[in-house]
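For reference, the chains in residue letters:
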Amino acid sequence: MPGWIPASDINRRIWRSRAGRAGVLLTGGLLAAALVAAHVGPPDPFASVGPPLSAPTLSHPMGTDDLGRDLLSGVAHGTRTSLVLAVIVSMLTGIIGVMVGALAAWEGGTLDDLLMRVTEFVQVVPRFFLAVLVIALFGPGLERLALLLAVTSWPWIARVVRAEALSLKRREFVEAARALGAGGPRILLREVLPNLLPPVLVVVSLNAAGVILIEAGLSFLGLGDPDVVSLGYLANNAQRFLRVAWWMAAFPGAAIAAAVLGLNLLGDGLNDALNPRFES
Amino acid sequence: MPSRYLLRRLAQVLPTVAGLLVLNFCIVHLAPGDPVIALGGEHGDAAYYAFLRARFALDRPLPEQLLTYVTNVLRGDLGTSFVHGRSVAGVIAERLPATILLVATALVLSSLAGLGLGTLAARHGRRPADLALNAAALLGYATPSFWLGQMALLTVAVGTGLFPVQGMTDARHPQTGLAHVLDVAHHLALPALVLAVNELALTTRLVRTGLLEALGADYVRTARAKGLPEGRVIRHALRNVMLPVLTVIGSRAGMFLSGAVLVEVVFAWPGLGRLLLSSLLARDYPVLLGMFLLISFAVVLANLITDLAYARLDPRIRYQ
C-alpha cells in the first residue's frame, strides 16, 4: 500500500523513477506537439496540399494520404484530439470516482453496499462495445463519447478511493481533526481528499491510456467524430492503401502507441513514487 | 470445490444479467426515433414494422414491453436481421466459432509465453536480459492491436510472403481433412500472434513483478533452506503469483474481445469483428444489439470462470 508522502515530494520522486522520467518526457512531448498542432504544417488537416499518396519528403515529413492531405498535420491534430478526450474523460471519471468512493467509505452500511453493487455492475459492462452500440444508434460525436466513457470508466477509481478512504478514516491525523471538532465534510475535504490524490492519479493516468485506445479503436471502425481528425480515422483510411502507402498506417499508429506508452509510464512512475519498496 | 461458494457466486450473476438486459432495453428506447427502427433496422417495410410492434408488444406499456423483451431474449430470440433475412442468433452463431478459435489461440499463447518470459525476466532480475524484456513488455502493452496487425501485414505477410494476407482459408484451393486444418492454422498464425501481444506483455510484467516479490518471501527462503532444487522453488512461488495474474487477465475479457474485433477487421478474419463492421455499415441494429448482449454475457462468464479458478487455486476463498 502506498505510504503517505507529502504531495510536494511526489514530483521529485516521479522524476527519480526511470519509468516516471520517461513518462513525463513522452507525455509532455506529445502534449507540447499537440498544443502547437495548429501551427505545424498546413493548419487544416482536411485540406489537400500535395500530390496524393506521396511518400515522406522534406515538405511532407510523414507523406500524404490518398487525397493529398498532409499526414504530419493529421497526426498532430489527431494526437490533440486523443489527448483532449483523455483529459476530459479523466476529469469526469475522477470526479465521479472520488465522489462515489469517498461517499461509500464515509457513509458505510447500506449506502456502501448499494454503491459497491453499482460499481461492480458498471465494471462488467464492456465499454468499447457499449460505445459501438450507442454511437451506431445515436450518431457519432466527441462530447457524447467523452460522456459515455466517463460514466463507464469510474468504477476503478471509486474502488481505489474507497479502499484508501477506509484506511485514512482510522488514521491519527483524521482522529485529531475530529477531536478538534471538525465536521464530516470538512474532514473529508481538508484531510482525506488531499491524501487520496496520488493513488487516484495513478489510476487516472492508466485509465487515460485505455481511453485513447478505445477512441482509436472506435474511429478505426469508422465511428469517430467526422468533424475532427483522429488517429484511428487515419489508421482506418490507411487500411485500403496498406500495400501502396505504408506511411499512412505507420505514423498514426505510432502516435497512438507513444501516447499510450507515455501515460502508462507516467502511471508506473507515480506508483514507484508512492511505493518506496520498489525503488531501484 | 464446496458447492456453497459456487452457489453464492452463481447467485451474483443473476442481478448482473438482469441489469444488462435492462440496459439493452433502455438503449433501444432512448435511441432517437422509433424503437422499432432499433429492433428491425432501417430497411424494413410497414408490414414488417407492424409485425415487430406486435412481437415486442411495442404498443403496450413500458413494463410489459420490458417483460416481452426479456422473455424473447431468454428464449434465444434476439430478433431478425433484415439484412441477412435470418434470426440474429443464427447470424451470430455462424460467426462465433472463428472468433472463439482466434481468441482461444491468442489467450493460450499469451498465457503460456507470458508465464515463461515473466519467469525468465524475474530470474535475471535487473540484468540486461530483464531490462530488455521489461522494455519490450511496456512497448507491447501500449501498442494498439490493429496497428500491430497492419504492421505485421506490411512486413511479414506482404513483405516476406510467408503468411497469407487475409481470411481464414485459401479460397482458390479449397482443402479437406488435415490439409484444411493446416490451411486454417497457416491463416490463424499471424492474427493470433498479433492479438496475443498486448496480453502477453501484460502477463509477462505481472509474472515478473509477482515473482520478484515472491522470491524474497519467507516461504521461498524456507523452501530453499530445505534444499529444494531451484525449479521446484520457482514452481512453488508461481502458484501464488498466478492469483493476481488470473484476476487481471479475467478482468480484461471485454478489452481482449475489442482487440479481437479490430484484429479481425485488419486480417479479414470471418468472425464477429467482420460481422460488426458489416452490420455497422448496413445499419443492421438488431445484430449490433445482439452482439452487445452476447459480449456482455461473455464478460460475465469470464469473470465467473476467473473467480471459480481463483477459488480453486486459493483455499482461503473456498472456506471463507
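Everything numeric here is computed off the predicted structure, so don't read it as measured data. (Residues numbered from 1 in each chain as written. Chains lettered and ligands numbered in written order. Predicted model: local features only at pLDDT ≥ 70, side-chain atom pairs only at ≥ 80, totals over all residues.)

### Quick word on the overall build of chain B
Quick reminder of the rule: Helix numbers and strand numbers start at the N terminus; a helix is a DSSP run of H or I with at least 4 residues, a strand a run of E with at least 2. To sort residues by exposure, count the other C-beta atoms lying within 10 Å of each residue's C-beta; 20 or more gives buried, 12 or fewer gives exposed, and values between give partly exposed, all with C-beta atoms placed from the backbone. Here, residues touch in the contact sense if the C-beta positions derived from the backbone fall within 7 Å of one another.
Per the secondary structure count, chain B includes 14 helices and two strands. C-alpha atoms of chain B, sized along the principal axes, occupy 80 × 55 × 40 Å. Out of the 320 residues in chain B, the part that is buried amounts to 38%. At a minimum sequence separation of 6, the contacts of chain B that also span at least 24 residues come to 71%.

### Remarks on the overall build of chain A
Summing up its helical and strand segments, chain A has eleven helices and zero strands in all. Of the regular secondary structure in chain A, the N- to C-terminal order runs α-α-α-α-α-α-α-α-α-α-α. If you line up chain A on its principal axes, its C-alpha atoms span 75 × 45 × 30 Å. In chain A, once contacts between residues fewer than 6 apart in sequence are set aside, the share between residues at least 24 apart is 71%.

### Overview of the packing of helix α3 (residues 71-107) of chain A against helix α7 (residues 155-169) of chain A
Between two packed helices, what matters for the description is the angle formed by their axes and the separation of those axes. Residue and element names in this part refer to chain A. To keep it simple, the criterion reads: Every axis in this analysis is a line fitted to C-alpha atoms, fitted for helices over the stretch in contact. Angles between the N-to-C directions lie between 0 and 180 degrees. Relative orientations are named as follows: roughly parallel for angles under 35 degrees, roughly antiparallel for angles over 145 degrees, roughly perpendicular for angles from 65 to 115 degrees, and oblique for any other angle. Less than a right angle of anticlockwise turn of the near helix away from the far helix marks a crossing as left-handed, whereas a clockwise turn marks it as right-handed. Think of it as three bins: nonpolar holds Ala, Val, Leu, Ile, Met, Phe, Trp, Tyr, Cys and Pro, charged holds Asp, Glu, Lys and Arg, and polar takes everything else, Gly as well.
Orientation of α3 relative to α7, taken along the N-to-C sense of each, is 40 degrees, at an axis distance of 7 Å. Comparing the axis directions of α3 and α7 gives the class oblique. Like other packed secondary-structure pairs, α3 and α7 cross with a definite hand, here right-handed. Along its contact with α3, which presents Thr93, Gly94, Gly97, Val98, Val100, Gly101, Ala102, Ala104, Ala105 and Trp106, the element α7 presents Ile157, Ala158, Arg159, Val160, Val161, Arg162, Ala165, Leu166 and Lys169. Looking at side-chain class alone, the contact of α3 with α7 contains twelve nonpolar, four polar and three charged residues.

### Comments concerning the interface of chain A and chain B
At the interface, 33 residues of chain A touch 36 residues of chain B. Top contributing element to the side of chain A that touches chain B by residue count: helix α5 (residues 127-138) of chain A, with ten residues. In terms of residue class, the side of chain A that touches chain B is made up of 26 nonpolar, five polar and two charged.

### Re the environment of alanine 176 of chain A
Residue and element names in this part refer to chain A. With respect to the element layout, alanine 176 can be found in helix α8 (residues 172-179). When the 12 C-beta atoms within 10 Å are taken as the criterion, alanine 176 is described as exposed. Through-space distance from the C-alpha of alanine 176 to that of leucine 103 is 21 Å; in sequence the pair is 73 residues apart.

### What about unusual backbone geometry?
All names here are of chain B. Look at alanine 268: it is not a glycine, yet its phi comes out positive at around 50 degrees. Structurally, alanine 268 is set in the loop between α11 (253-267) and α12 (272-281). What makes alanine 268 partly exposed here is the crowd of 15 C-beta atoms within 10 Å. The phi dihedral of arginine 283 falls on the positive side, at around 50 degrees, and the residue is not glycine. C-beta crowding within 10 Å serves as the criterion here: with 16 such atoms nearby, arginine 283 is assigned to the partly exposed category.

### Section: α5 of chain A
Put simply, the rule reads: Take the number of residues in a helix, subtract one, and multiply by 1.5 Å to get its expected span.
With twelve residues, α5 of chain A extends 16 Å between its outermost C-alpha atoms, agreeing within 8% with the 16 Å of an ideal straight helix rising 1.5 Å per residue. Among the twelve residues in α5 of chain A, ten count as buried, and that is most of the element. Every buried residue of α5 of chain A is accounted for by Arg127, Phe128, Phe129, Leu130, Ala131, Val132, Leu133, Val134, Ile135 and Ala136 of chain A. Summarising the contacts, the buried residues of α5 of chain A are in contact with α6 (142-153) and α9 (184-220) of chain A together with α1 (3-30), α11, α12 and α13 (285-313) of chain B. Positive phi appears at glycine 139 of chain A, one or two residues downstream of α5 of chain A, with a value of about 95 degrees.

### Some remarks on the confidence of the model for chain B
Going by this rule: pLDDT measures the predictor's confidence residue by residue and takes values from 0 up to 100.
When pLDDT is averaged along chain B, the result is 87; 98% of the residues meet or exceed 70. Both scores are given for the predicted complex: the pTM is 0.90, the ipTM 0.91.

### Concerning the environment of histidine 173 of chain B
Residue and element names in this part refer to chain B. If you trace the backbone, histidine 173 turns up in the loop between α7 (145-160) and α8 (177-214). Look at histidine 173 and you get exposed, because 8 C-beta atoms sit within 10 Å. Sequence separation between histidine 173 and aspartate 183 is ten residues, and the spatial gap between their C-alpha atoms is 9.6 Å.

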